[in-house]
Amino acid sequence: MVASLLEIVGRKPSDLAIVDEFCSLTWADLNARTNGLVHALRERGLQEGDVVALVGGNRHEWIETMGAALASSLVLVPVNWHFTDEEIAYVLNNSGAKAVVADVEYVQKVDRAAEAAGVECRVVFGGRVPDGWEDYEEVVGEQDTSEPDAQGAGTIMFYTSGTTGRPKGVRSSMVRLGSDPAQALGSIGLFLGMLGIPEDGRVLLNAPAYHAGPLVFCVMPAVLGSTLVMRRSWDAAETLRLIDDHQLTTVYAVPTHFVRLLRLPQEVREGFDGSSLRVLYHTAAPCPPDIKRAMIEWFGPVIRELYAASESGGAGCAITAEEWLERPGSVGRPLPTTEVIIVGDDGRRLGPNEVGQIYLKNLLGADFEYLGDPEKTAAAHLEPGVFTFGDVGYVDEDGYLYLVDRKIDMIISGGVNIYPAEIEAVLVTHPAVADVAVIGVPDDEFGEQVKAVVCLEDGWEPGADLAEELKRHCRGKLAGYKVPRTVDFVDELPRTPTGKLLKRRLRDRYWEGRSSKI
């Protein structure tokens, strides 16, 4: 936000604000470029409440565009650059985008999407400018860099990953468009303070910024004054090098990253210092207990977890490494902004250690809706301000939340509820398993049977012998009815960049041609 940049520039104008693979910007540089973009967007007719879609990899222009939107009472829609042109067109249409800013790497499909959606204001950064587009550097460079007047708070509207269908735009009531930007900054500072994120630190962003987790833990600290080190992709060995070379204080990860870090060669792991690191947060998917314990043994007490989602609006649960070691498997206690409610299938609110659907209540009064979809909005709510992400779990007698699984992922075999996450957590500890998904597939007798879909590490050969070995591995740690009946081997599992399994895509293959999906 430009308003926040002014204060930071006053304190440390020549200090580094952003370091990416293309340039380094001081706080004075970042402020000037963001100011220029604000003036340019206004010159092109964008007004309070208009939507700017952003389709780009992790580059400094991404941060500048976000800052300009949030200082101009605009709605920023970060778009998943993995989407096809049809999916991007859907997001542009659904959000009502008036402008699109795109990375040259993705501009071809964005161009088709913008054409289909009728978006005329198109700006491209990073390379050759196609017909019908404006060059980002020219757009910014031709503008006055003075402080824009009439600044007002903008907001970000995320689109969910689409694990259960079309992406859904999450419109939050947390920020009022056009309000004092200082209030929004105060809310961000309060939230990061609750999570123990260091102020004026050095942060690594090497996961896609279009997701809420990387944006909260990496970009938001930068908004408040932390130096941001950016990379377009994630690499295990490079992550360790970047932490040490830049003396980073804050890092974000998902459980898949943990698995890859732990499987680095021993000499690479032993060469890592990591003493600068103050906090490493992970989110997005359940972390197998053995994997998390190994990460804590290696990285120390800096490992923390947040249970939240794009819909949360500052509500969630968090847990430190020390707490987790005392309560393995927990995702923590509610933040001061949150009440956790567990509800049974009969609608009854449950007590400690009773398993049911997890609902959160945002005690700040914030709520959300899925844009243009009142039915999905209603389905996600127990009552106004009380919502679910679709997860199943329980709260212990001390108020710690435990996830069992996603309700939609639950397998019902012979009337018995089976939770895939428990089985996946066992399978991923086998040295042959690089990635795994457990799903329910058709069974004429039991309705569903348990199937494991496995990606192998290099050097392992798929086949019946290995499948039996994996089943034996499970039998030693799980009840018999939870052991996979069958194992399939694949080259790659469908995951979002933040590690969420797209199980719907896996299930569809096995349920094709059947009227029932359970």
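Residues numbered from 1 in each chain as written. Predicted model: local features only at pLDDT ≥ 70, side-chain atom pairs only at ≥ 80, totals over all residues. Heavy atoms only, no water.

## As for the sheet that holds strand S28 (residues 447-456)
Right, on to step 1. Read from one edge to the other, the open sheet built from three strands follows the order S27-S28-S29, with strand pairing classed as mixed. Edge strands, defined here as strands with exactly one partner in the open sheet, are strand S27 (433-443) and strand S29 (486-489). Put simply, the sheet's adjacent strands are angled 30° from each other on average, direction ignored.
Right, on to step 2. Bridge count between S28 and S29: four bridges; the pairing is parallel. In the sheet register, Lys-451 faces S29, and the bridge partner there is Thr-486.
Right, on to step 3. Along the sheet face, helix H15 (residues 420-427) touches S27 and S28 and points at about 145° away from the line of S27.
Right, on to step 4. Its contacts with the sheet place helix H17 (residues 503-511) against S27, S28 and S29, and it is angled at close to 45° to S27. (Pairing = 2+ DSSP bridges. Helix = DSSP H or I, 4+ residues; strand = E, 2+ residues; numbered from the N terminus. Axes fitted to C-alpha atoms, helices over the stretch in contact; angles between N-to-C directions. Contact = heavy atoms within 4.5 Å.)

## Considering the side chain of Asn-362
Right, on to step 1. Within the secondary structure, Asn-362 sits in strand S19 (residues 356-362).
Right, on to step 2. Taking relative accessible area as the criterion, Asn-362 reaches 4% and is therefore assigned buried.
Right, on to step 3. Side-chain polar atoms of Asn-362 contact the backbone oxygen of Ser-312, separated by 3.2 Å.
Right, on to step 4. Among residues more than four places away in sequence, those in contact with Asn-362 are Ser-312, Gly-313, Gly-314, Ala-315, Thr-337, Gly-385 and Phe-387. (Buried < 20%, exposed > 50% of the residue type's maximum accessible area, 1.4 Å probe, protein only. Polar contact = N/O pair within 3.5 Å; in protein donor to acceptor, adjacent residues only side chain to side chain.)

## Regarding unusual backbone geometry
Right, on to step 1. One non-glycine residue with positive phi stands out, namely Asp-200, at about 50°.
Right, on to step 2. Structurally, the position occupied by Asp-200 is in the loop between helix H7 (181-194) and strand S11 (202-205).
Right, on to step 3. One non-glycine residue, Gln-247, adopts positive backbone phi at about 50°.
Right, on to step 4. Take Gln-247: its relative accessible area is 34%, and that puts it in the partly exposed class.

## Concerning the packing of helix H4 (residues 85-95) against helix H5 (residues 107-117)
Right, on to step 1. As a packed pair, H4 and H5 sit with axes 8 Å apart at the nearest point and diverge in direction by 45°. Taken as axis vectors, H4 and H5 run oblique relative to one another. When you trace H4 past H5, the crossing you get is right-handed. In contact with Asp-85, Ile-88, Ala-89, Leu-92 and Asn-93 of H4, H5 contributes Lys-109, Val-110, Arg-112, Ala-113, Ala-114, Ala-116 and Ala-117.
Right, on to step 2. Taken together, the residues of the contact of H4 with H5 sort by class into eight nonpolar, one polar and three charged. (Parallel < 35°, antiparallel > 145°, perpendicular 65-115°, else oblique. Left-handed = near helix turned anticlockwise from the far one by under 90°. Nonpolar A, V, L, I, M, F, W, Y, C, P; charged D, E, K, R; others polar.)

## A few points about helix H2 (residues 27-43)
Right, on to step 1. In this model H2 runs 24 Å from its N-terminal to its C-terminal C-alpha over 17 residues, within 8% of the 24 Å that 1.5 Å per residue would give.
Right, on to step 2. Counting buried residues in H2 gives twelve out of 17 residues, a clear majority hidden from the surface.
Right, on to step 3. Burial in H2 covers these residues: Trp-27, Leu-30, Asn-31, Arg-33, Thr-34, Asn-35, Gly-36, Leu-37, Val-38, His-39, Ala-40 and Leu-41.
Right, on to step 4. Looking one or two places after H2, you find Gly-45, whose phi comes out positive at around 95°. (Expected span 1.5 Å × (residues − 1).)

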